[in-house]
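# Observations on chain architecture
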Amino acid sequence: MARAYASIILKAPVETVWSIVRNFNGLPNWAAGVASSKIENRLDPDVVGCVRSFHLANGAHVRERLLMLDDARYCFTYNFEKPAFPVRNYLATLRLLPVTHTDETFAEWEATFDEAPEDEGKYVKIVSEDVFAANFRSLAALLRKAKPEKPAGAMRWKGSQPNKVWTSRVIKAPVDEVWRIMRDFAGMGGWHEEITKMHMLKRQRSDKVSGIRDFYFGEGHINEELLHLCDLTRSFSYRITKSEIPWMNYVSGPRLWPVTADGTTFGVWTGDWTASPQDDVVLIPRTEQNVYQRAFATLERNYFGKRRR
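In this report, we go over the structure that sits alongside the text. (Residues numbered from 1 in each chain as written. Predicted model: local features only at pLDDT ≥ 70, side-chain atom pairs only at ≥ 80, totals over all residues. Heavy atoms only, no water.)

What follows concerns the side chain of T265. Tracing the chain through its elements places T265 in strand β14 (residues 264–274). A polar atom in the side chain of T265 sits 2.7 Å from the backbone oxygen of A173. Among the polar contacts made by the side chain of T265, one reaches the main-chain amide nitrogen of V175 at a distance of 3.0 Å. Apart from residues no more than four positions distant in its own chain, T265 is found in contact with R169, V170, I171, A173, P174, V175, V178, L256, W257 and V259. (Helix = DSSP H or I, 4+ residues; strand = E, 2+ residues; numbered from the N terminus. Polar contact = N/O pair within 3.5 Å; in protein donor to acceptor, adjacent residues only side chain to side chain. Contact = heavy atoms within 4.5 Å.)

Spelled out as structure tokens, the structure:
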């Protein structure tokens, strides 16, 4: 199965971008290659199951069915009812995530499909570059020119945010280089300013799931167990097994995405735990800024700072 993919950082809050792209009939407003569009059977464009019928600038006719729309997680999925290309089993998802550090938006667009053997790789390149990446560039240009305002009353997370701490940042370096550094579970002491004496207990490998790292964060002595490590999603998670901080059931971890538009990295770091409301008033902002955001920032500065100058 083939996979097409493109991603970009859009210079607008996620609520603003979502108000534009969630309209399943709105492609002519921001996708340069789409000339006209209508929803069949007079359905609203946010009715799951509706079909959009649209014409490209070159005259080609395409039909796509909305299979999933999620206002809480800023994403939708659709398929081809009448393909734009000679591919089978086409399934595409457009997803947005907030860049909390700058109040911008990470947008990714991906599709999986089957190509004929003689077309292997052909439509991956076309869909990735000529459709997804090109439409993202058009959307970015619209946002720069129109500068749309955030919708009145918009909520960042409808209901509640996914984690007690959910924070993100763009790292100006290629994702595989960033991941090569971050996946070393015992390596954070080399690039986080307040972490010292970090090592794996019992001389275990730092990529051994269930291994425990021992370190000092300032004056505090902490042990953390590696719960998962994934080179496919460029992510890992861990839990605290020893700490003087007044929290329980602490589980945390980062995940990285490639930003194909400029070769940078989008990183998300999340954390959940149980603590008293009084303690959380201090713990939540301190963990977000002094641990997660500082980790991303110091990693970029220490390993990739010279490249940026």
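Here we come to the sheet that holds strand β7 (residues 104–114). One open sheet accounts for seven strands, arranged β1-β7-β6-β5-β4-β3-β2; its pairing is antiparallel. Strand pairing shows two members of the sheet lacking a second neighbour, β1 (2–10) and β2 (34–39), which therefore form its edges. Put simply, the sheet's adjacent strands are angled 25 degrees from each other on average, direction ignored. One ladder, built from five bridges, connects strand β3 (residues 51–56) with strand β4 (residues 61–70); its direction is antiparallel. Each residue of the ladder has a partner; that of F54, found in β4, is V62. The strands touched by helix α1 (residues 14–21) are β1, β4, β5 (75–82), β6 (88–99) and β7; relative to β6, the strand with the most contacts, the crossing angle is about 150 degrees. In this fold helix α3 (residues 122–146) packs onto β1, β5, β6 and β7, with an angle of close to 15 degrees to the strand it touches most, β1. (Pairing = 2+ DSSP bridges. Axes fitted to C-alpha atoms, helices over the stretch in contact; angles between N-to-C directions.)

In this structure, V21, W30, Y90, L96, F106, F113 and F132 are the most contacted members of the largest nonpolar core, which totals 56 residues. Per-element tally for this core: the top contributor is α3, with eight residues. Among all residues touching F132, those that are not within four sequence positions of it are A4, Y5, A6, Y78, Y90, A92, W109, E110, A111 and V127. Membership of the second largest hydrophobic core comes to 34 residues, among which are F185, M200, V291 and F296. (Core = buried A, V, L, I, M, F, W, Y, C linked by side-chain atoms within 4.5 Å. Buried < 20%, exposed > 50% of the residue type's maximum accessible area, 1.4 Å probe, protein only.)

It is worth spelling out the environment of P258 at this point. With respect to the helices and strands, the residue P258 is situated in strand β13 (residues 248–259). Separated by 136 residues in sequence, P258 and K122 have C-alpha atoms that sit 21 Å apart. Those residues in contact with P258 that sit more than four places away from it in its chain are Y5, S7, F106, V175, R234 and T264.

Moving on, we get to the pattern of salt bridges. A full pass over the atoms with the stated rule returns 21 salt bridges. Here E15 ties to R156 by a salt bridge, and the two come within 2.7 Å at their closest N and O atoms. Taken as a pair, E15 in helix α1 and R156 in the loop between α3 and β8 (165–171) lie far apart in primary sequence, 141 residues in all. Judged by relative accessible area, E15 falls into the buried class, the value being 7%. For D207, the salt bridge is made with R205, and the minimal N-O distance between the two is 2.7 Å. (Salt bridge = Lys/Arg side-chain N within 4 Å of Asp/Glu carboxyl O.)

When β5 meets β6, the two strands line up antiparallel, connected through five bridges. Residue N79 lies in a different strand from β6, and its bridge partner there is L91. In this antiparallel pair of consecutive strands, β5 and β6, the connection spans five residues. The pairing of β6 with β7 spans ten bridges and is antiparallel. Bridging from a neighbouring strand, T93 pairs with E110 of β7.

So, about α3. When the terminal C-alpha atoms of α3 are compared, their 35 Å separation across 25 residues agrees well with the 36 Å that a helix rising 1.5 Å per residue should span. Along its length, α3 shows its largest kink, about 25 degrees, at A133. Contact partners of the buried residues in α3: β1, α1, α2 (27–30), β5, β6 and β7. Just downstream of α3, K147 is the residue with a positive phi angle, here 45 degrees. (Expected span 1.5 Å × (residues − 1). Bend = angle between axes of the 7 residues up to and from the residue.)

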